[in-house]
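A look at the structure
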Amino acid sequence: MKKILLVAILGVCVLLTGCSGSSKTPTATQTKATTQDIGAVDPLLTQQGFVRQQLTDPALFDYVEKAGNNIPIVTSQTSNSSAQKKIGLVANFQKTQKYGLQGVATVLSAETIQVKDFSYNGGCGPVKLGLTISNNATQILASVKEISQPVSKTSFDLAIPQNLTLAQFDTIAVYCPDNEDPVSSADLSAQ
């Protein structure tokens, strides 16, 4: 008798609950109700071309609307004082007798470093010039130039990659292909 009663109770529960995966009608009803609820909260969500800033930060949206086109545009390059201090900085490459390396690096702008009077005797094959941090010279942040043959008192410009700022590196290092440590470097840390 207890088994029959237990089966009957379970059967009634299954009948009352129903199978949620077999019917698609409740899902469609839920979606429609959700869309109506969102539209009731903020009508901009259902309109075409709504302004996201107005929805996410009303205070910022009001400020931008009141200021119009008079908002100063500040980029990370212009606001970074340590990067600004480096512009105009002059640094000599450490002279090495073995490879005849020497030269002078000058920071012209936030995007360009000029190298003058660069000499290299070709003693270790093609060398790479890379931007690094002095306390981790084996980690090249960006390789900016490769010199594959001997040069004497040549000048060239190094373009700083767009993903780096002057504040993110402090050394231009020269690397031989078979050595992970630089054979020469120019220290660009702001004095």
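Residues numbered from 1 in each chain as written. Predicted model: local features only at pLDDT ≥ 70, side-chain atom pairs only at ≥ 80, totals over all residues. Heavy atoms only, no water.

Moving on, we get to helix H1 (residues 2-17). The end-to-end C-alpha distance of H1, which contains 16 residues, comes to 23 Å, matching closely the 22 Å that a straight helix rising 1.5 Å per residue would cover. Summarising burial for H1: zero of the 16 residues are buried, a small minority. (Helix = DSSP H or I, 4+ residues; strand = E, 2+ residues; numbered from the N terminus. Expected span 1.5 Å × (residues − 1). Buried < 20%, exposed > 50% of the residue type's maximum accessible area, 1.4 Å probe, protein only.)

This part is about the sheet that holds strand S7 (residues 171-175). Read from one edge to the other, the open sheet built from four strands follows the order S5-S4-S7-S8, with strand pairing classed as antiparallel. The sheet terminates laterally at strand S5 (142-147) and strand S8 (184-187), the two strands that pair on one side only. Going across the sheet, the axis of each strand differs from the next one's by a mean of 20 degrees, ignoring polarity. Relative to S8, S7 runs antiparallel, the two sharing four bridges. (Pairing = 2+ DSSP bridges. Axes fitted to C-alpha atoms, helices over the stretch in contact; angles between N-to-C directions.)

Bringing the environment of Gln-114 into the picture now. Relative to the assigned elements, Gln-114 resides in strand S3 (residues 112-120). Assessed through its relative accessible area of 21%, Gln-114 is described here as partly exposed. Distance from Gln-114 to Val-104, taken between C-alpha atoms, is 8.2 Å for residues ten residues apart in sequence. Not counting chain neighbours up to four residues away, the residues in contact with Gln-114 comprise Val-104, Ala-105, Thr-106, Leu-108, Phe-156 and Asp-157. (Contact = heavy atoms within 4.5 Å.)

Attention now goes to the state of the cysteines. Under the criterion given, the structure shown has one disulfide. One disulfide bridge connects Cys-124 with Cys-176, the sulfur atoms lying 2.0 Å from each other. Judged by the sign of its S-S torsion, about -85 degrees, the bond between Cys-124 and Cys-176 is left-handed. One end of the pair, Cys-124, is in the loop between S3 and strand S4 (127-132); the other, Cys-176, is in the loop between S7 and S8, with 52 residues separating them in the sequence. On the basis of relative accessibility, which here comes to 14%, the residue Cys-124 falls in the buried class. (Disulfide = S-S within 2.5 Å.)

On to unusual backbone geometry, then. Despite not being glycine, Asp-117 shows a phi value in the positive range, around 50 degrees. Residue placement: Asp-117 occurs in strand S3. Given the relative accessible area of 38%, Asp-117 is considered partly exposed. In this structure, Lys-153 is a non-glycine residue whose phi angle is positive, near 50 degrees. Looking at the element boundaries, Lys-153 is found in strand S6 (residues 151-159).

Attention now goes to the pairing of strand S2 (residues 102-107). Relative to S2, strand S1 (residues 90-92) runs antiparallel, the two being bridged by three bridges. Opposite Asn-92, over in S2, you have Val-104 as the bridge partner. The sheet contact formed by S2 and S3 spans five bridges and is antiparallel. Residue pairing across strands places Thr-106 opposite Gln-114, the latter belonging to S3.

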